[in-house]
Every structure is written in structure tokens, then in C-alpha cells.
Amino acid sequence: MRLTDQQVAAIRQEVSAVCGDGATVQLFGSRLDDAARGGDVDLLVVLPEPVERPAMLSAQLSAKISRHMHGRSVDVVLSAPNLTTTPVHEIAAREGVTL
């Protein structure tokens, strides 16, 4: 996994601050490959409660976490009871690593 301990802690902190303590976060995608270089940060945030404005929440998390990653692009996929599951959700859940 190509994230520092400080970056993992910052991601957890931001997700908890914005989404509450019940939310979990998983890293998936190219950042799991230690041999790769570069790439964005792909996160699946799982929420126990329905989300009213998912696009706004995803953008807010992305911006806050990106600041901790020195401006690197951060993609946030949300999973909540009221949101449709897509193939990217299945890939993230299957391959992701819980932070």
C-alpha cells in the first residue's frame, strides 16, 4: 500500500469528522500496488445511514483528503443504504483494504 501512516491517519480523521464514527473507509485501485508509481487515491467510504447529498459529500471528502496528499487527486466512492451499487462498488469492496 502506497500511503504513509500519516496519510492513513489523516484519511481516517477526515472521514470520521465529516461522516461520523460509524463510517468506514477502504483504499482500492493502483495505490494498493507497491510496484506502481503515481496515480490517484481511490477510496470507498461506507456509511451506515442514508446520504442526502452524495455528490456534495463525495466532493467535500475528496477536497479535504487531497490537501493531506499534497494536492494529489482523490476519488471518493460512497456506499450508503439509499445509494445504488455499481460495479466500482463491488470491485472496491472485493479488492479494497480497510484503513
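Residues numbered from 1 in each chain as written. Predicted model: local features only at pLDDT ≥ 70, side-chain atom pairs only at ≥ 80, totals over all residues. Heavy atoms only, no water.

Student: Just give me the short version of helix 1 (residues 5-19), but keep the residues and values in it.
Tutor: Residues spaced three or four apart along an α-helix point in a common direction, a consequence of the helix completing one turn every 3.6 residues. Taking 1.5 Å of rise per residue, the 15 residues of helix 1 would be expected to cover 21 Å, and the 21 Å separating its terminal C-alpha atoms lies within 8% of that figure. Among the residues of helix 1, Gln-7, Val-8, Ala-10, Ile-11, Glu-14, Val-15 and Cys-19 are the ones counted as buried. Projected onto a plane normal to the axis of helix 1, the buried residues spread over an arc of 160 degrees and lie on a single side. For helix 1, exposure combined with an orientation more than 90 degrees from the buried face picks out Asp-5, Gln-6, Gln-13 and Ala-17. (Helix = DSSP H or I, 4+ residues; strand = E, 2+ residues; numbered from the N terminus. Expected span 1.5 Å × (residues − 1). Buried < 20%, exposed > 50% of the residue type's maximum accessible area, 1.4 Å probe, protein only. Arc of directions from axis to C-beta.)

Student: Could you give an account of the pattern of salt bridges, with specific residues and numbers?
Tutor: Evaluated as defined, the whole model comprises one salt bridge. As a salt-bridge pair, Glu-95 and Arg-94 come within 3.9 Å of each other at their nearest N and O atoms. (Salt bridge = Lys/Arg side-chain N within 4 Å of Asp/Glu carboxyl O.)

Student: Report on the nonpolar core, specifying residues and quantitative values.
Tutor: Across soluble globular proteins, you tend to see nonpolar side chains buried next to one another. Counting 22 residues, the largest nonpolar core has Val-15, Leu-43, Val-45 and Leu-47 as its most contacted members. Only helix 1, strand 1 (24-28), strand 2 (41-46), helix 2 (54-68) and strand 3 (74-79) provide two or more residues apiece to this core. Looking at this core element by element, the count peaks at four residues for helix 1. Beyond its immediate sequence surroundings of up to four residues, Leu-43 is in contact with Ile-11, Val-25, Gln-26, Leu-27, Phe-28, Ile-65, Val-74, Asp-75, Val-76, Val-77 and Leu-99. (Core = buried A, V, L, I, M, F, W, Y, C linked by side-chain atoms within 4.5 Å. Contact = heavy atoms within 4.5 Å.)

Student: Please provide a residue-by-residue account of the packing of helix 1 against helix 2, values included.
Tutor: For any two helices packed against each other, the geometry comes down to the angle between their axes and how far apart the axes lie. Two elements in contact, helix 1 and helix 2, have axes separated by 10 Å at closest approach and are oriented at 150 degrees. In terms of their interaxial angle, helix 1 and helix 2 are classed as roughly antiparallel. For the pair helix 1 and helix 2, the crossing hand works out as right-handed. Contact with helix 1, carried on its side by Gln-7, Ala-10, Ile-11, Glu-14, Val-15, Val-18 and Cys-19, involves Leu-57, Gln-60, Leu-61, Lys-64, Ile-65 and His-68 of helix 2 and no other residues of that element. Considering only residue class, the contact of helix 1 with helix 2 consists of eight nonpolar, three polar and two charged. (Axes fitted to C-alpha atoms, helices over the stretch in contact; angles between N-to-C directions. Parallel < 35°, antiparallel > 145°, perpendicular 65-115°, else oblique. Left-handed = near helix turned anticlockwise from the far one by under 90°. Nonpolar A, V, L, I, M, F, W, Y, C, P; charged D, E, K, R; others polar.)

Student: So what about the pairing of strand 1? Which residues, and what values?
Tutor: Burial of strand 1 is extensive: four of the five residues sit out of reach of the surface. When strand 1 meets strand 2, the two strands line up antiparallel, connected through five bridges. Considered in strand 2, the bridge of Val-25 is made with Val-45. Note that strand 1 and strand 4 (residues 97-98) share two bridges and pair antiparallel. Along strand 4, the bridge assignment pairs Gln-26 with Thr-98. (Pairing = 2+ DSSP bridges.)

Student: Break down unusual backbone geometry for me, with residues and values.
Tutor: For His-70, which is not glycine, the phi torsion reads 60 degrees and is therefore positive. Within the element layout of this structure, His-70 appears in the loop between helix 2 and strand 3. Exposure remark for His-70: the relative accessible area of 76% places this residue in the exposed category.

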